[in-house]
Amino acid sequence: MRIMNRREFSCTAFGGTTLVLARALRVAASADKYDLLIRGGRVIDPAGRLDAIRDVAISAGRIAGVESNVTASSTNTVDAHGKLVVPGLLDIHTHAGRSAESPNLLLKDGVTGWIDAGTQGADHIGDVVAIARSSPQQGRVLINIGRAGLLSEGDTMDLARADVNAARDAITKNREYIVGVKARLSRDVAGQNDYEVLRRAKEVAKSFNLPVMIHMGQTMSPLPKLLALLQRGDIVTHMFAPPPNSIIDDNGRILPEVLAARSRGVWFDVGNGVTGHMRWDVVEAIMKQKFLPDTISTDWNMNSPTTGVIDLPNCMSKLLNYGMSINQAVACATIHASRTFSVFRNRGTLKVGAPADIALLDLREGKFEYVDNFSNKITGNQRLFPGGTVLAGKWIPRT
Ligand SMILES: [Zn+2]
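Below or above, wherever it landed, is the structure these notes cover.

What counts and what doesn't
Residues numbered from 1 in each chain as written. Predicted model: local features only at pLDDT ≥ 70, side-chain atom pairs only at ≥ 80, totals over all residues. Heavy atoms only, no water. Helix = DSSP H or I, 4+ residues; strand = E, 2+ residues; numbered from the N terminus. Rg over C-alpha atoms; globule rule 2.2 N^0.38 Å. Buried < 20%, exposed > 50% of the residue type's maximum accessible area, 1.4 Å probe, protein only. Contact = heavy atoms within 4.5 Å. Areas by Shrake-Rupley, 256 points an atom, 1.4 Å probe, with all protein chains shown as cover. Lys, Arg positive; Asp, Glu negative; His and termini not counted. Charge placed at Lys NZ, Arg CZ, Asp CG, Glu CD. Pairing = 2+ DSSP bridges. 1 Å grid on protein atoms, 1.4 Å probe; cavity = no way out; pocket = protein on both sides within 12 Å on 5 of 7 lines; lining within 4 Å. Points joined across faces, edges and corners; volume = space filled by probe spheres on them. Nonpolar A, V, L, I, M, F, W, Y, C, P; charged D, E, K, R; others polar. Polar contact = N/O pair within 3.5 Å; in protein donor to acceptor, adjacent residues only side chain to side chain. Donors = N, O, S within 2.8 Å, 3.2 Å for Na, K, Ca; no water.

**Overview of the overall build of the chain**
Counting its secondary structure elements, the chain contains 13 helices and 16 strands. For 399 residues, the compact-globule formula gives about 21 Å, and the C-alpha radius of gyration of the chain, at 22 Å, lands near that figure. When the backbone C-alpha atoms are referred to their principal axes, the chain occupies close to 75 × 45 × 35 Å. For the chain, the proportion of its 399 residues judged to be buried stands at 58%. Within the chain, contacts between residues at least 6 apart in sequence are counted, and of these 71% link residues at least 24 apart. On the chain, roughly 16,400 Å² of surface is accessible, and the fraction owed to carbon and sulfur atoms is 49%. Here the chain carries 47 positive and 39 negative side-chain charges, and the mean point of each set is 5 Å from the other.

Shown next, in the form of structure tokens:
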């Protein structure tokens with residue numbers, strides 16, 4: 001990606017400058033109308049129903065104009081011809097809070113806002129909060145109802161770990177960064193405690209008016225019993241998980257309780273991940289019934305670049321093979337995601353006045369292999385690649 005700085009250009013053109021000339025150049029630079037211009041890309045902003053070749057002008061960290069030909073000067077220009085220019089991506093299910101390097105790696109993927117979904121519980125919540133606090137982009141945390149966080153023997157296999165008071169204390173102390181409660185309910189995580197674990201997670205969340213995100217799939221309790229506890233604003237992640245206790249019945253039909261949950265305002269999220277969360281035949285059955293995800297998320301961690309997850313643009317690309325349009329996939333990772341957590345409320349769009357968070361994506365044609373969580377492979381003919389990010393008006397190259 002080529003970027004030219006007006007001041008550098010002037011210095012190159014005039015060689016050594018006198019003090020007077022240097023001052024004149026400074027004045028010229030400060031007189032630029034815009035700080036940054038993203039020129040000539042295919043701008044997709046589902047919130048504004050826009051899909052067209054446009055220039056995007058940025059001033060003081062905000063979107064200043066989206067027009068077919070911006071002629072005013074800008075301090076920096078990025079040539080986006082042949083690229084998609086979309087709102088900064090919001091990934092609502094990551095484990096970015098596991099390591100201090102994660103936020104910057106996500107930023108290079110185009111992710112300008114992330115949620116850590118339950119890496120830690122009350123005992124070590126300070127670790128993830130510290131990473132969210134120092135993240136260059138907005139990072140927030142869902143507290144695991146299991147007080148010890150993710151455990152290989154199962155977060156809440158010992159029900160005593162689903163400690164309501166410990167979770168409440170942790171939220172009270174970190175109110176700014178904890179935006180919800182995570183309840184992982186699979187058989188190997190909660191065993192037969194799934195329903196009670198979720199009931200406690202809801203009890204905690206309710207006292208702060210926060211949402212709960214459930215990790216569904218392969219639960220002991222039937223999914224309808226668990227869904228009955230969810231209310232408007234709660235999130236179901238791993239929506240493509242295969243049986244037992246998938247969102248479809250034995251005949252492949254979406255369960256009526258799932259449709260009812262969606263109609264009362266429960267969100268359904270992808271949560272790609274690597275183990276047990278996604279199988280192509282289940283994806284196909286669900287997508288065929290037009291039960292599209294509300295949000296696309298990765299379940300990202302530091303290993304993701306070398307697994308089937310890779311990055312959020314790759315996870316978005318997978319659904320293009322099941323009838324989702326580019327615009328719909330972009331909406332899932334931008335404007336839809338912005339509605340799930342209030343911290344993202346004014347994000348996910350390129351409307352004038354919005355914070356200038358932008359992802360450039362490269363939509364390539366060819367043969368691309370996509371793998372589910374069960375080593376099944378499909379081949380698609382399109383894939384989105386990250387192509388640079390703008391965060392608060394500042395250009396961050398991909399490499
Ligand atoms: Zn996860």
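**A word on the environment of G88**
Here G88 shows up in the loop between β6 (84-87) and β7 (89-94). In this structure, the C-alpha to C-alpha distance between G88 and L391, residues 303 residues apart in sequence, is 7.8 Å. Filtering out sequence-adjacent residues up to four positions away, G88 remains in contact with G110, T112, A333, T334, D357, I358 and A359.

**Some details on the pairing of strand β9 (residues 138-144)**
In terms of residue burial, β9 counts as a mostly covered element, since seven of its seven residues are buried. Neither face of β9 is left uncovered, since the one carrying Q138, R140, L142 and N144 and the one carrying G139, V141 and I143 both have all their residues buried. Two elements, strand β8 (residues 111-121) and β9, share six bridges in a ladder whose sense is parallel. Its bridge partner being in β9, W114 is matched across the sheet by G139.

**So, empty space enclosed by the protein**
This structure, assessed with the given rule, holds two cavities of 30 Å³ or more. Each pocket or cavity is described by its volume, and for the largest cavity that value is around 40 Å³. Around the largest cavity sit P87, G88, T112, N346, R347, G348, T349, P355 and D357, which together line it. Grouping the constituent residues of the lining of the largest cavity by class yields two nonpolar, five polar and two charged.

**Considerations on the side chain of S74**
Position of S74 relative to the elements: it lies in strand β5 (residues 74-79). Accessibility expressed as a relative area gives 7% for S74, which makes it buried. In this structure the side chain of S74 is engaged in a polar contact, spanning 3.1 Å, whose partner is the backbone oxygen of N76.

**Observations regarding unusual backbone geometry**
Following P243, the chain continues to P244 via a peptide bond in cis, the omega torsion being 0°. By secondary structure assignment, the location of P244 is in the loop between β12 (235-237) and α9 (256-263). Backbone geometry at A60 places phi at a positive 50°, although glycine is not the residue there. Tracing the sequence through the fold places A60 in the loop between β3 (50-59) and β4 (62-67).

**Some thoughts on the coordination of the zinc ion**
Taken together, H93 (NE2), H95 (NE2) and D299 (OD) make up the full set of protein donors to the zinc ion, lying 2.0 to 2.2 Å away. Positions of the donor residues of the zinc ion along the chain correspond to the pattern H-x1-H-x203-D. By the burial criterion, H93 is buried, and H95 matches it.

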